[in-house]
Amino acid sequence: MVDEATKRSLAQIPLLKTKAGPRDGELWVTRLKEEYQSLIKYVQNNKESDNDWFRLESNKEGTRWFGKCWYIHELLKYEFDVEFDIPITYPTTAPEIALPELDGKTAKMYRGGKICLTDHFKPLWARNVPKFGIAHAMSLGLGPWLAVEIPDLIQKEIISHKGRADEK
Amino acid sequence: MATIESLQKKIKELEAQLQKERNEKQQINRPKITQMSSEVVDSNPYSRLMALKRMGIVDNYEKIREYTVAVVGVGGVGSVTAEMLTRCGIGKLLLFDYDKVELANMNRLFYQPHQAGMSKVEAAEKTLKEINPDVEFEVYNYNITTMDNFNHFMERIKNGGLKEGEPVNLVLSCVDNFEARMTINTACNELGQNWIESGVSENAVSGHIQFIIPGETSCFACAPPLVVATKTDEKTLKREGVCAASLPTTMAVVAGFLVQNTLKYLLGFGDVTYYLGYNALQDYFPSMTLRPNPQCDDNYCKKQQQAFQIKEATKPKVEKTEEKVEEIVHDDNVWEIQLVSETTEDELREADGQVPNLVEGLKVAYTTPAPTQASNEKTVDSTEKSLDELMKEMQGL
């Protein structure tokens, strides 16, 4: 289902407590704080294990998220813009993470560059409402997607490295 | 270089050509019809529908013009659904979709290659108005699942009827994803709005419709999504390099079921179906009624259930006899063979949570565990930091 490394890093992400979506007023603010705490911890963990791979920030309402994610392939860094909205049904339904610049370049995407997740993701998410948050969606959704799709896109020469200036 | 004279001549020619095209088009676009007639003449677009009255199927077909239906998602199922309702002479249609027409849609019905690039709702409105100018339209090109659009979406369901301020009569969900279905479910539970959910599986060989009356029948959040079993082994289902397959056939069949049920409900003929599945591989059609889950995750669903219970309690009771199913008991068991499970039934039930009773050929897509008070899980600590501080901390990483 998910590889051991993902499982281990997933277990390190603090779970969330508040079941609230963007229509829930003050409760959403509480949830949003938990989201940030969980994300901060996840990014810190990634840095410590030398596996830093994304940055995210949101608008002040916490309904729209954007940032960057990157993938290292054969010592070269490939970086992409990442964005998603928090649906009004969140956290019952997971956010639909999108990489707009790859829209149309791979069949494993829905319109607008939303990544196509595996059959396992939705049941896993559903079983963990409301404990899973954005950090979990990144770890279980976008992480494995990049690991499968990016090497494939590079190999098919659909994407290429943007030049040495982009490197870390 | 062309002279002014030759250019003027060219303009005249083009103007004449344009006028000719316009005249032809005008002849195709018939004027609006104020009253549905049952006169059987070639020029009456409603004669075959009104014949349903003469045949004793429908009492009052012309009532269809008083109804408003909202179609959410005008893709493979929704566009065909909207076309059927348009041809049936529905009073008003509200269409919602944020997608554009693409050449990749051409394996399904309705849209045409020259419409590629247009928004689906805009393209649909244009075609449908040509087919039947009597139908009123309201179209919205946006994603209903985001905060900004959701409020507007709900407001239109509540007030978008034929007479402004009245609710629509029925919402039809023809979307292709779980998030949008849950969004419609949220809106309809809050508004107490009846709706019919529809769907086609990603492997294109099964589909379903489900009529949801908030409080009375199972809502979309009452149970995990139902799956029509097609006896294909999911492990052998190849998903290499694709997200979803689609067939015009399955989509049109589901659209047909959806509109048939809509007509039966609105015009009051036949039996309205609560759940109808379609297994295209074995041609199997499971059908059943799903009761709501008292522990539903959606608070408005629970409120609607209470309201329905109160309403039901005031109605006179009808006695029902229950059928007894005889248990199979083997008379002799010489070797004293017993089946012993490694997990207890309680453990299994806890892991699977609430699973609805389903007819043969249906299963839940997945199960969700019953809520537990796990104490050893690592959750976020309570924090004194403000949201702004946390946002800054995240940016500073």
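Labelled according to an unreviewed UniProt entry, chain B appears under the name Ubiquitin-like modifier-activating enzyme 5, originating from Patella caerulea.

The name recorded for chain A in an unreviewed UniProt entry is Ubiquitin-fold modifier-conjugating enzyme 1, from Patella caerulea. Here chain A is described in UniProt, under the heading Function (unreviewed entry), as follows: "E2-like enzyme which forms an intermediate with UFM1 via a thioester linkage." In its Sequence similarities (unreviewed entry) section, the UniProt record describing chain A reads: "Belongs to the ubiquitin-conjugating enzyme family. UFC1 subfamily."

(A) Helix H7 (residues 248-267) of chain B, seen in detail. Counted at 1.5 Å a residue, the expected span for H7 of chain B with its 20 residues is 28 Å, and the 28 Å between its end C-alpha atoms agrees. Just downstream of H7 of chain B, Gly268 of chain B is the residue with a positive phi angle, here 70 degrees.

(B) Representation of the sheet that holds strand E1 (residues 54-58) of chain A. All names here are of chain A. An order of E1-E2-E3 is seen for the three strands of this open sheet, with the pairing classed as antiparallel. The sheet is open, and its two borders are formed by E1 and strand E3 (76-85), each paired with just one other strand. Within the sheet, the average angular offset between the axes of one strand and its neighbour, ignoring direction, is 15 degrees. Where E1 meets strand E2 (residues 64-73), five bridges bridge the pair, whose relative direction is antiparallel. Considered in E2, the bridge of Leu56 is made with Gly67. Sitting on the sheet, helix H2 (residues 26-48) touches E1 and E2, and the angle it makes with E1 is about 165 degrees. Helix H4 (residues 134-155) contacts E1, E2 and E3 of the sheet and is inclined by roughly 45 degrees relative to E2.

(C) Region of the structure containing a nonpolar patch on the surface. Together, Val334, Trp335 and Ile337 of chain B make up an exposed nonpolar region whose accessible area comes to about 440 Å². Locating Val334 of chain B in the fold gives a position in the loop between helix H8 (299-313) and helix H9 (345-352).

(D) Here's a closer look at the UniProt feature "active site" (unreviewed entry) in chain A. Residues and elements named next belong to chain A. Listed under "active site" (unreviewed entry) in the UniProt record, and renumbered for this structure, are Cys116. Mapping Cys116 onto the fold places it in the loop between strand E5 (114-115) and helix H3 (121-127). By relative accessible area, Cys116 is classed as buried at 7%.

(E) Representation of the layout of surface pockets within the structure. As a volume, the second largest pocket reaches approximately 1,600 Å³. Forming the walls of the second largest pocket are 47 residues, and the residues nearest its centre are Lys19, Thr92 and Val129 of chain A together with Asp297 and Asp298 of chain B. The greatest single-element share of the lining of the second largest pocket, amounting to five residues, is contributed by helix H6 (residues 178-191) of chain B. The residue inventory of the lining of the second largest pocket, partitioned by class, reads 23 nonpolar, 14 polar and ten charged.

What counts and how
- Residues numbered from 1 in each chain as written.
- Chains lettered and ligands numbered in written order.
- Predicted model: local features only at pLDDT ≥ 70, side-chain atom pairs only at ≥ 80, totals over all residues.
- Heavy atoms only, no water.
- UniProt positions renumbered as here; feature names shortened; annotations may be inferred.
- Helix = DSSP H or I, 4+ residues; strand = E, 2+ residues; numbered from the N terminus.
- Expected span 1.5 Å × (residues − 1).
- Pairing = 2+ DSSP bridges.
- Axes fitted to C-alpha atoms, helices over the stretch in contact; angles between N-to-C directions.
- Contact = heavy atoms within 4.5 Å.
- Patch = residues over 30% accessible without salt bridge, like charges linked within 9 Å, V, L, I, M, F, W, Y side chains within 5 Å.
- Areas by Shrake-Rupley, 256 points an atom, 1.4 Å probe, with all protein chains shown as cover.
- Salt bridge = Lys/Arg side-chain N within 4 Å of Asp/Glu carboxyl O.
- Buried < 20%, exposed > 50% of the residue type's maximum accessible area, 1.4 Å probe, protein only.
- 1 Å grid on protein atoms, 1.4 Å probe; cavity = no way out; pocket = protein on both sides within 12 Å on 5 of 7 lines; lining within 4 Å.
- Points joined across faces, edges and corners; volume = space filled by probe spheres on them.
- Nonpolar A, V, L, I, M, F, W, Y, C, P; charged D, E, K, R; others polar.

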